[in-house]
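The lines below spell out each chain.
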Amino acid sequence: MSTPTSSSLGKDAWDRLLANKMAMASLILLLLISILCMLGPVLSSHSFDQQNLDEVFQSPSFAHPFGTDNLGRDLFARTTYGGRISLMVGLLATLVSLLIGVTYGMVSGYAGGRLDAWMMRFVDVLYSLPFIIFVILLMVLFGRNFLLLFLAIGAVEWLTMARITRAQTLSLKRAEFIEAARALGYSHSRILFRHLLPNLIGPIIIYATLTVPAVMLLEAALSFLGLGVQAPMSSWGSLIQEGAEKMDAAPWLLLFPGSFFCLTLFALNFIGDGLRDALDPKHSKN
Amino acid sequence: MGDLSIENLHVGFPSREGIVRAVDGINLSINSGEIVGLVGESGSGKSVTCNSILQLLPSPPAQFGAGKIDWSGKNLLSQTEPSLQKIRGKEISMIFQDPMSSLNPYMTVLDQVAEPLVIHKICDWAEAKIKAKEILQKVGVTHVLKHPHSYPHEYSGGMRQRAMIAMALITKPNLLLADEPTTALDVTVQAKVLKILKELCLDLQVSVLFVSHDLGLVAELADRVVVMYRGKVVEENETQSIFRNPQHPYVKALIACRPTLESPKDYLPTVEDFMGETVEIQPSSSVHTLPKKNQDRSLPLLEAKKLVVQFHTDEGPLLAVDHVDLSIEYGKTLGLVGESGSGKTTLGRSILHLIKPTEGEIRFQGKIIGTDSFAKRNSLRKSMQIIFQDPYASLNPRLTIEQTLVEPMIVHQIGKSKNERLEKAIALLHEVGLGEEHLYRYPHEFSGGQRQRICVARALTTEPEFIVCDECVSAMDVSVQAQVLNLLKSLQRSRGLTYLFISHDLSVVKFMSDHIAVMQNGRVIENGPAEQIYNQPKESYTRKLIDAIPRANRSLNLTF
Amino acid sequence: MTRFAPGGPFDSEKAIPEEIKIKLQSHFGLDRPLFDQYLLYLKNLLQGDLGPSFKYPEWNVSELIATAFPVSLTLGALSLTIALLLGIPVGMIAALKRNTWMDYLPMSLTMAGICLPTFVLGPFLIYGLSTQLGLFPPLGWYGPSDWFLPSLTLGLFYAAYIARLTRAGMLETLQQEYIKTAKAKGATPWRILTKHAARGGLLPVMTFLGPAFAGLISGSFVIESIFFIPGLGKFFVTAAFNRDYTMVLGTVLFYATLIIFLNLFVDLVQAWLDPKSRQSK
């Protein structure tokens with residue numbers, strides 16, 4: 001099966017994205033942050049969990065560019081290490097939500113009828129549950145567990161993905177080219193994977209980009225409540241929580257992880273918006 | 001008071017390739033009490049002209065060049081927004097094409113009709129509502145009298161358009177701009193709405209600018225006709241004269257290429273024939289495959305007996321297709337005509353088993369289809385194909401033309417090698433009047449007419465014997481429509497194809513078909529040879545359908 | 001469900017005093033079979049009795065909820081008010097003045113509002129407005145002066161989100177044909193906005209209210225923990241930490257009921273706004 005590697009629709013979209021300054025700046029910023037988080041723990045002469053009680057609460061200096069915390073741990077090492085975890089949780093949980101959401105949405109939309117109605121009713125019900133309660137319940141049931149954390153988050157975030165995929169599938173299913181495919185005797189799997197899925201990819205990419213920050217936010221909120229990553233490991237959420245507690249004594253403890261976190265969210269949201277404008281010119285702002 | 005004159009109007013829209021001149025220096029005047037028809041095909045600039053008058057085009061992107069629109073001494077192009085607001089809805093009113101989206105779904109119909117009186121401080125709400133009820137009664141929207149709190153979604157398209165007319169005329173304006181006001185309506189509804197529009201305008205002495213793509217329609221209504229082509233006015237004259245003695249070749253073509261109930265059955269003149277542009281769409285006779293000989297041709301190719309399709313809706317079961325019997329002979333065309341909601345599309349789909357029939361049987365070449373396994377039905381898919389209404393939606397935007405044409409051959413194992421399939425794809429493209437150079441392009445690079453040709457080519461990949469054409473020219477301009485109809489006709493001759501030709505347009509159906517079936521409310525109410533249906537309809541509904549077709553020749557007593 | 005959690009009720013790391021154990025046992029009939037225990041719990045539930053807390057056995061779960069919920073309710077209601085009062089006008093202005101600074105500036109701010117999580121914004125607001133300027137008390141929940149900071153922190157995020165939804169909804173609506181009809185009638189821009197566009201444009205915001213209620217509840221967990229507010233969220237999180245099963249179960253049940261009612265309310269509001277959905281009901 002030969003799928004075109006660059007359809008001219010794709011190229012048009014890419015051109016539009018390149019022309020979007022905000023999105024390109026965000027992309028570069030995100031790349032820089034990712035590289036820093038990859039290399040940071042390696043570059044730094046301090047390890048993220050190395051305590052040094054002689055150097056507690058040091059403000060940023062040459063030896064400790066981001067300062068140190070109450071146990072004398074280097075904040076630069078901790079922030080970049082925490083970034084790894086936050087970004088990883090963001091990506092993995094998005095992947096989980098992508099797999100569940102796209103499959104669920106496509107099946108629901110393509111099947112239609114009563115099955116669709118029930119499947120979407122289920123999503124509606126889950127939608128209006130405050131998910132932190134669900135996650136907390138899971139944590140209570142199974143104990144705190146890193147793997148469980150992003151499984152739980154992924155399981156939470158798939159809802160919107162399922163809705164979007166389903167809505168797109170529904171409207172595409174009624175499109176005459178899908179009917180033409182049926183009239184030509186194509187099998188369901190051929191229609192689903194060769195004709196439906198490629199036309200769904202635009203919205204899926206857009207929403208996946210917007211899911212990453214949502215997931216990171218949820219992870220950070222859980223870590224902030226003490227339900228996420230456990231010491232001595234760190235994520236941006238847990239660092240922000242430590243920083244918030246000790247803000248009066250050492251504001252940089254909140255400032256650095258906080259701004260890294262916010263900048264990443266900012267960048268991801270702008271990239272998502274840029275992709276939406278690029279892939280879906282009808283709904284773009286201009 | 002009440003004279004509009006447009007002088008040298010230019011309207012442009014910026015695009016990647018520079019500024020597109022949608023309206024390119026036109027002059028147009030409307031005297032008070034006059035009905036002027038503005039006719040053109042899509043992209044001719046007629047709608048842009050109409051919307052420019054009340055400055056309803058979003059600007060930017062629209063750019064206005066030199067020129068002016070003079071309305072009782074004021075240049076509308078240079079008025080401030082507040083002074084335009086005083087003119088809009090009071091001196092000049094407007095109605096739009098789509099009655100489904102032109103009324104506010106969150107406001108009661110009565111309030112919307114009454115609102116112009118309040119906006120222009122003619123009277124207060126209480127009095128405005130009384131006046132609104134009066135005028136709504138005049139246009140025949142009586143539902144509102146009993147249900148003053150009803151919303152637009154409770155009304156049919158025709159009723160909504162009547163309400164739009166009431167809303168536009170409640171302030172007794174001097175000029176009414178009507179932008180394709182009946183295009184979205186069924187013919188019988190269109191006839192009623194037009195009648196009301198004309199009577200009310202004469203009654204209130206409102207002059208009208210009536211914009212339409214349909215020359216026949218304009219002929220029934222207008223005193224004077226202005227024809228636009230690519231942003232320019234190509235001809236302007238009294239309605240009688242323009243039909244009796246068209247000057248410009250484009251206007252001649254436009255009059256000739258629309259199938260009428262009387263037109264000959266083989267070939268429609270196209271714009272190219274008149275404009276002297278070259279065409280190469282005669283299918284080469286070498287390509288066609290002759291009809292298979294080993295079939296018993298005494299039986300009909302396709303037969304449907306007591307076909308029923310039932311849908312489940314919120315209001316209970318709905319019989320979309322209600323015990324329909326049909327049969328189509330080899331190499332003939334059955335025309336299926338009906339208004340929206342008559343079930344004609346559902347019938348077409350159910351014959352192909354794209355929608356599963358609830359009851360009844362369908363025989364194709366004498367064999368019952370539908371009850372057998374997927375694989376057998378799949379081989380039937382090879383012999384039965386469909387062409388859809390919207391050529392923009394019926395091609396997968398992410399596949400090249402080559403992929404679109406080769407895929408069915410792969411699925412049905414037609415052609416032994418890649419090269420053989422490719423050659424066949426090229427041959428098909430030639431057959432529908434396209435060329436090899438189009439093979440590696442994507443659908444969005446083609447015009448609507450070209451896309452429909454590609455759809456025809458795709459339907460032919462599996463060498464079908466039977467094709468359902470579902471409103472396949474309805475979305476097209478008449479000039480493009482003529483080309484596609486000619487193509488279908490010549491393919492039928494060369495390949496011996498059998499068509500089920502579905503359309504709401506009786507004159508197109510009449511041109512294409514040997515037999516005609518008329519559908520109403522899910523039933524086939526009349527069925528017979530095309531000439532007979534047209535000349536001696538048995539049912540009054542059929543008569544109504546025929547009478548509702550706007551015809552220049554009838555209203556002008558012309559003979560062609 | 002919590003019954004099967006690892007580290008079951010009594011062999012937990014946190015030793016339970018003998019007297020509590022007896023009280024719990026008698027209340028839940030723990031000496032009886034599992035199914036009977038379940039029936040007993042249901043029976044008590046129907047009478048509004050959620051049983052005593054594992055952690056604070058002198059308190060009944062229902063009593064705990066009754067004291068803590070009004071606090072959370074005040075916080076949530078105030079935040080939502082701030083969010084709607086701020087978000088809707090900002091979104092409307094941005095949509096009307098599209099592609100001008102009155103669009104770009106507020107929309108950049110709302111993007112910042114969405115990217116600045118409450119747990120970053122909250123501490124900064126405390127630091128700036130309380131510690132440095134001394135305008136508001138930083139922590140606790142004693143009187144109306146304590147209400148402002150937490151509600152603002154929670155409300156700003158939703159204000160940002162609602163502003164963006166409003167703008168998108170209004171832009172979509174302003175492109176509809178019926179807006180052109182209204183313009184052709186001679187309606188002023190203000191009239192078009194308030195009479196014709198507002199209802200359709202605000203529909204997405206109303207649809208968002210359901211998830212927003214859920215989000216406000218989740219958000220209250222974080223806010224109550226930042227500002228040390230004795231609300232239901234704080235109780236719930238503490239209960240989860242302490243494996244206070246009766247409390248967790250009781251709170252979840254309470255939240256579930258609450259959400260059902262809130263969603264009912266959202267449905268009613270939507271029906272009021274949208275005549276089409278009104279008819280189908």
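Definitions and cut-offs
- Residues numbered from 1 in each chain as written.
- Chains lettered and ligands numbered in written order.
- Predicted model: local features only at pLDDT ≥ 70, side-chain atom pairs only at ≥ 80, totals over all residues.
- Heavy atoms only, no water.
- Pairing = 2+ DSSP bridges.
- Helix = DSSP H or I, 4+ residues; strand = E, 2+ residues; numbered from the N terminus.
- Axes fitted to C-alpha atoms, helices over the stretch in contact; angles between N-to-C directions.
- Contact = heavy atoms within 4.5 Å.
- Buried < 20%, exposed > 50% of the residue type's maximum accessible area, 1.4 Å probe, protein only.
- Polar contact = N/O pair within 3.5 Å; in protein donor to acceptor, adjacent residues only side chain to side chain.
- Phe/Tyr/Trp six-rings, centres within 6.5 Å; stacked < 30°, edge-to-face > 60°.
- Lys NZ or Arg CZ within 6 Å of the ring centre and 35° of its normal.
- Buried area = accessible area lost by both parts, 1.4 Å probe.
- Salt bridge = Lys/Arg side-chain N within 4 Å of Asp/Glu carboxyl O.
- Expected span 1.5 Å × (residues − 1).
- pLDDT = per-residue confidence, 0-100.
- Parallel < 35°, antiparallel > 145°, perpendicular 65-115°, else oblique.
- Left-handed = near helix turned anticlockwise from the far one by under 90°.
- Nonpolar A, V, L, I, M, F, W, Y, C, P; charged D, E, K, R; others polar.
- Disulfide = S-S within 2.5 Å.

1. Remarks on the sheet that holds strand 10 (residues 224-229) of chain B
Residues and elements named next belong to chain B.
Next, step 1: Here six strands make up an open sheet; going across it, the order is 7-8-9-3-10-11 and the pairing mixed. Each having just a single partner strand, strand 7 (92-95) and strand 11 (232-238) make up the two edges of the open sheet. Going from strand to strand, the sheet's axes swing by 15° on average, the running direction of each strand aside.
Next, step 2: In this sheet, strand 9 (residues 207-212) lies alongside strand 3 (residues 35-39) in parallel orientation, the contact comprising five bridges. For valine 39, the partnering residue across the bridge sits in strand 9 and is serine 212.
Next, step 3: Sitting on the sheet, helix 11 (residues 249-257) is in contact with strand 10 and strand 11, with an inclination near 105° to strand 10.

2. With respect to the side chain of serine 394 of chain B
Next, step 1: For serine 394 of chain B, the location among the structural elements is in the loop between strand 17 (384-387) and helix 15 (401-411).
Next, step 2: On the basis of relative accessibility, which here comes to 0%, the residue serine 394 of chain B falls in the buried class.
Next, step 3: Of the polar contacts made by the side chain of serine 394 of chain B, one reaches the backbone oxygen of aspartate 390 of chain B; its length is 3.0 Å.
Next, step 4: Residue contacts for serine 394 of chain B: discarding those within four places in its chain leaves Glu176, Phe177 and Ala180 of chain A together with Phe388, Cys455 and Arg458 of chain B.

3. Considerations on the pairing of strand 10 of chain B
Every regular strand shows the same layout, with side chains that alternate between the two sheet faces.
All names here are of chain B.
Next, step 1: In terms of burial, strand 10 is largely enclosed, as six of its six residues are buried.
Next, step 2: Burial along strand 10 is two-sided: Arg224, Val226 and Met228 facing one way and Val225, Val227 and Tyr229 facing the other are all buried.
Next, step 3: In the sheet, strand 10 pairs with strand 11 via six bridges, with the strands oriented antiparallel. Bridging from a neighbouring strand, arginine 224 pairs with glutamate 238 of strand 11.
Next, step 4: Joining the antiparallel neighbours strand 10 and strand 11 is a turn of two residues, in which arginine 230 adopts a positive phi near 50°.

4. Some remarks on the packing of aromatic side chains
Next, step 1: Within the structure shown, the criterion is met by 17 aromatic pairs over all chains.
Next, step 2: A centroid spacing of 6.2 Å and a plane angle of 75° characterise the contact between tryptophan 236 of chain A and phenylalanine 261 of chain A, whose relative ring orientation is edge-to-face. With tryptophan 236 of chain A in helix 9 (residues 236-245) and phenylalanine 261 of chain A in helix 10 (residues 252-279), this residue pair connects regions lying 25 residues apart in the sequence. Of the two residues, tryptophan 236 of chain A and phenylalanine 261 of chain A, both sit in the buried class.
Next, step 3: For the ring pair phenylalanine 157 of chain C and tyrosine 161 of chain C, a centre distance of 6.4 Å and an interplane angle of 35° mean the geometry is tilted. Pair noted here: phenylalanine 157 of chain C and tyrosine 161 of chain C are both in helix 6 (residues 144-174), with a separation of four residues, about one helical turn.
Next, step 4: Judged by relative accessible area, which is 17%, phenylalanine 157 of chain C ranks as buried.
Next, step 5: Grouping aromatic residues by their ring pairs yields a cluster made of Phe224, Trp236, Phe260 and Phe261 of chain A together with Phe119 of chain C.
Next, step 6: Cation over ring: arginine 190 of chain A sits above tyrosine 186 of chain A, and NZ or CZ is 5.8 Å from the ring centre.

5. A few points about the pairing of strand 21 (residues 523-529) of chain B
Next, step 1: With six bridges connecting them, strand 20 (residues 515-520) of chain B and strand 21 of chain B associate as antiparallel partners. Note that in strand 21 of chain B the partner of glutamine 520 of chain B across the bridge is arginine 523 of chain B.

6. Quick word on the sheet that holds strand 18 (residues 466-470) of chain B
Residue and element names in this part refer to chain B.
Next, step 1: Across the sheet, six strands lie side by side as 17-18-19-14-20-21; this open sheet has mixed pairing. One side of each edge strand has no neighbouring strand; the edge strands of this open sheet are strand 17 and strand 21. Going across the sheet, the axis of each strand differs from the next one's by a mean of 15°, ignoring polarity.
Next, step 2: Here five bridges tie strand 14 (residues 333-338) to strand 20, and the two strands are oriented parallel to one another. Following the sheet pairing, glycine 335 is matched in strand 20 by isoleucine 516.
Next, step 3: Against the sheet, helix 17 (residues 448-460) contacts strand 17 and strand 18, and its axis sits at roughly 170° relative to strand 17.
Next, step 4: Of the strands in this sheet, strand 20 and strand 21 are in contact with helix 21 (residues 540-548), which crosses strand 20 at around 105°.

7. Focus: the interface of chain B and chain C
Next, step 1: Each partner contributes residues to the interface: chain B has 30 residues there, and chain C has 23 residues.
Next, step 2: Buried area between chain B and chain C, summed over both chains or domains, comes out near 2,300 Å², and the portion from carbon and sulfur atoms is 58%.
Next, step 3: Sorting the residues of chain B by area buried against chain C places Gln85, Tyr106 and His153 of chain B first, and these three jointly supply 28% of that buried surface.
Next, step 4: The interface formed by chain B and chain C holds two salt bridges in total.

8. Side note on helix 5 (residues 118-132) of chain C
Next, step 1: For helix 5 of chain C, spanning 15 residues, the distance from its first C-alpha to its last is 19 Å, which sits close to the expected 21 Å at 1.5 Å a residue.
Next, step 2: Residues of helix 5 of chain C that are buried: Thr118, Phe119, Val120, Leu121, Gly122, Pro123, Leu125, Ile126 and Ser130 of chain C.
Next, step 3: In this fold, the buried residues of helix 5 of chain C make contact with helix 8 (188-224), helix 9 and helix 10 of chain A together with helix 6 and helix 8 (189-226) of chain C.
Next, step 4: Of the residues flanking the end of helix 5 of chain C, it is glycine 134 of chain C, one or two places downstream, whose phi is positive at about 65°.

9. Here's the deal with the confidence of the model for chain A
Residue and element names in this part refer to chain A.
Next, step 1: With 90% of its residues at a pLDDT of 70 or more, chain A shows a mean pLDDT of 79.
Next, step 2: Across chain A, the secondary-structure element scoring lowest on mean pLDDT is helix 5 (residues 131-142), at 72, and the one scoring highest is helix 7 (residues 176-183), at 89.
Next, step 3: The model gives residues 1-7 a pLDDT under 50, and that stretch makes nine contacts with residues more than four places away or in other chains.

10. What to know about the packing of helix 8 of chain A against helix 15 of chain B
Next, step 1: Orientation of helix 8 of chain A relative to helix 15 of chain B, taken along the N-to-C sense of each, is 165°, at an axis distance of 14 Å. As the angle between them shows, helix 8 of chain A and helix 15 of chain B are arranged roughly antiparallel. In this structure, helix 8 of chain A crosses over helix 15 of chain B, and the sense of that crossing is right-handed. Only Gln403, Glu407, Ile410 and Val411 of chain B of helix 15 of chain B make contact with helix 8 of chain A, whose side of the interface consists of Arg190, Arg194 and His195 of chain A.
Next, step 2: A breakdown of the residues in the contact of helix 8 of chain A with helix 15 of chain B according to their chemical character gives two nonpolar, two polar and three charged.

11. Regarding the pattern of salt bridges
Residues and elements named next belong to chain B.
Next, step 1: In this structure the tally under the stated criterion is 27 salt bridges over all chains.
Next, step 2: Notably, a salt bridge pairs glutamate 463 with lysine 424, separated by 2.8 Å at the nearest N-O pair. Within this pair, whereas glutamate 463 is found in the loop between helix 17 and strand 18, its partner lysine 424 is found in helix 16 (residues 418-431), the two being separated by 39 residues in sequence.
Next, step 3: By sharing partners, the salt bridges in this structure join Lys424, Glu431, Glu463 and Arg495 into a single network.

12. A look at the environment of glycine 335 of chain B
All names here are of chain B.
Next, step 1: Within the secondary structure, glycine 335 sits in strand 14.
Next, step 2: A residue is classified by how much of its surface remains accessible, and glycine 335, at 0% relative accessible area, is buried.
Next, step 3: Sequence-wise, glycine 335 and alanine 184 are 151 residues apart; in three dimensions their C-alpha atoms are separated by 22 Å.
Next, step 4: Sequence-distant contacts of glycine 335, that is, excluding residues within four places in its chain, are made with Phe501, Val509, Ser513, His515, Ile516 and Ala517.

13. Some details on the interface of chain C and chain A
Next, step 1: Facing 41 residues of chain C, the contacting portion of chain A comprises 39 residues.
Next, step 2: Between chain C and chain A, a total of about 3,300 Å² is buried, with carbon and sulfur atoms accounting for 78% of that surface.
Next, step 3: Taken together, the connections running from chain C to chain A amount to one salt bridge.
Next, step 4: The partner of arginine 164 of chain C in a salt bridge is aspartate 273 of chain A, and the shortest N-O contact between them spans 3.1 Å.
Next, step 5: In this assembly, chain C and chain A are joined by one residue pair in polar contact (both at pLDDT 80 or more).
Next, step 6: Within the residue set of the side of chain C that touches chain A, elements represented by two or more residues are helix 4 (101-115), helix 5, helix 6, helix 8, helix 9 (232-242) and helix 10 (245-273) of chain C.
Next, step 7: Each residue belonging to the side of chain C that touches chain A can be placed in one class, and the counts come to 29 nonpolar, seven polar and five charged.

14. A look at the state of the cysteines
Residues and elements named next belong to chain B.
Next, step 1: Counting across every chain of the model gives zero disulfides over all chains.
Next, step 2: The thiol of cysteine 257 is not disulfide-bonded; the next cysteine sulfur, from cysteine 472, is found 16 Å away.
Next, step 3: Residue cysteine 257 is classed as buried on the basis of its relative accessible area, which comes to 0%.

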